[in-house]
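# A closer look at the structure
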Amino acid sequence: METPTDTPTDAATDTPTPYQTVLDEVAPRLKRLRAQRGLTLAALSEETGISKSTLSRLESGQRRPSLELLLPLASANRVPLDDLVGAPEVGDPRVRLKPHPLPDGGTVVPLTRSPGPLQAYKMIIVDRGPEPDRRTHEGYEWLYVLNGRLRLVLADHDLVLGPGEAAEFDTRLPHWFSSADGQPVEVLSLFGRQGERMHVRAKPKA
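Conventions adopted
- Residues numbered from 1 in each chain as written.
- Predicted model: local features only at pLDDT ≥ 70, side-chain atom pairs only at ≥ 80, totals over all residues.
- Heavy atoms only, no water.
- Axes fitted to C-alpha atoms, helices over the stretch in contact; angles between N-to-C directions.
- Helix = DSSP H or I, 4+ residues; strand = E, 2+ residues; numbered from the N terminus.
- Parallel < 35°, antiparallel > 145°, perpendicular 65-115°, else oblique.
- Contact = heavy atoms within 4.5 Å.
- Nonpolar A, V, L, I, M, F, W, Y, C, P; charged D, E, K, R; others polar.
- Pairing = 2+ DSSP bridges.
- Buried < 20%, exposed > 50% of the residue type's maximum accessible area, 1.4 Å probe, protein only.
- Left-handed = near helix turned anticlockwise from the far one by under 90°.
- Core = buried A, V, L, I, M, F, W, Y, C linked by side-chain atoms within 4.5 Å.
- Arc of directions from axis to C-beta.
- Phe/Tyr/Trp six-rings, centres within 6.5 Å; stacked < 30°, edge-to-face > 60°.

All right, on to the packing of helix α2 (residues 26-36) against helix α4 (residues 52-60) then. Contact pair α2 / α4: the axes reach a minimum separation of 6 Å and the direction vectors enclose 120°. Considering the angle they form, α2 stands oblique to α4. Note on element contacts: α4 touches α2 through Leu58, Glu59 and Ser60, opposite Ala27, Pro28, Leu30, Lys31 and Arg34. Each residue belonging to the contact of α2 with α4 can be placed in one class, and the counts come to 4 nonpolar, 1 polar and 3 charged.

The following block contains the structure:
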């Protein structure tokens, strides 16, 4: 059986260093992230190329995490390496967000930094034309308009939301959204798996 590597200690006091506490928390964090994604060890092994036995020892604390193991795990769990390790703060409180272009114009910025049943996004939505191209997919979405006017076509409804207004809907219903007046719309979006609900209202288009 593989045993943990020697515990780093302060030579003067023979007590664990502050970094030992950080390392000790990696094992339960890895197990929690895998559970949140609903993955088995076998599925995670196939995704990362790390053997099931190694993953099991990492999650039980029987093996110390190395960079070559943490990098593929951070990528698979879609979290920054610092978050996976729980690295100590370095005094810079800024969160560096990475915007991504939307296929039909506009921008989306993921706000959630860890996997989970509910994900948050900030979106800049542009004019996508007058003819709705409705889509369906699994999930539940909540939209809140920060700035501008948003046109939301949902099943048989045609809605316009202004700043401070919101809508929630099952994304299995055909839906589409665009700028209502040709100007970019700034929107906060919360997206959850089926069954995740938020209770807000939107008024019909005049």
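Quick look at the sheet that holds strand β6 (residues 157-161) now. Within the open sheet, the 3 strands sit side by side as β6-β5-β8. Their pairing is antiparallel. The open sheet terminates on both sides in strands that have one partner only, identified here as β6 and β8 (175-179). Recorded for the sheet is a direction-independent mean angle of 20° between the axes of neighbouring strands. Direction of pairing for strand β5 (residues 150-154) relative to β6: antiparallel, over a ladder of 5 bridges. Bridging from a neighbouring strand, Val153 pairs with Asp158 of β6.

Our next topic: the side chain of Arg29. Assignment of secondary structure puts Arg29 in helix α2. Residue class for Arg29 comes out buried when judged on its relative accessible area of 15%. Look past the residues within four positions of Arg29 in its chain and what remains in contact with it is Asp83, Leu84, Val85 and Gly86.

Closest axis-to-axis distance for the helix α3 (residues 41-48)/α4 pair is 9 Å, and the angle between their directions is 110°. In terms of axis orientation, α3 runs roughly perpendicular to α4. Crossing of α3 against α4: the hand is right-handed. Contact residues: α3 offers Leu41, Ala42, Leu44 and Ser45, while α4 offers Lys52, Leu55, Ser56 and Glu59. Among the residues making up the contact of α3 with α4, the classes are represented as 4 nonpolar, 2 polar and 2 charged.

Below, the discussion takes up the nonpolar core. Residues Met123, Ile125, Leu143, Leu150, Leu152, Phe177 and Val187 are the most contacted members of the largest nonpolar core, which totals 16 residues. Put simply, the parts of the chain that give this core at least two residues each are β3 (118-125), β4 (140-147), β5, β6, β7 (166-170) and β9 (185-192). Dropping the residues within four chain positions of it, Ile125 is found in contact with Leu150, Phe177, Ser178, Ser179, Gln183, Pro184, Val185 and Val187. Formed by 15 residues, the second largest nonpolar core is a distinct cluster that contains Val26, Leu58, Leu73 and Ala74.

What follows concerns α3. Those residues of α3 lying buried are Leu44, Ser45 and Thr48. Projected onto a plane normal to the axis of α3, the buried residues spread over an arc of 105° and lie on a single side. On its buried face, α3 sits against α2, α4 and α5 (67-77).

Our next topic: α2. Considered for burial, the residues of α2 that qualify are Val26, Ala27, Arg29, Leu30, Leu33 and Arg34. What you see down the axis of α2 is that its buried residues fit within an arc of 165°, all on one side. Looking one or two residues beyond α2, the residue adopting positive phi is Gly38, at roughly 70°.

Our focus in this paragraph is the packing of aromatic side chains. Applying the stated rule across the entire model yields 1 aromatic pair. Consider the rings of Trp142 and Tyr144, whose centres lie 5.9 Å apart with planes at 10°: the pair is stacked. On the basis of relative accessibility, which here comes to 28%, the residue Tyr144 falls in the partly exposed class.

Distances and angles like these do not, on their own, reveal function.
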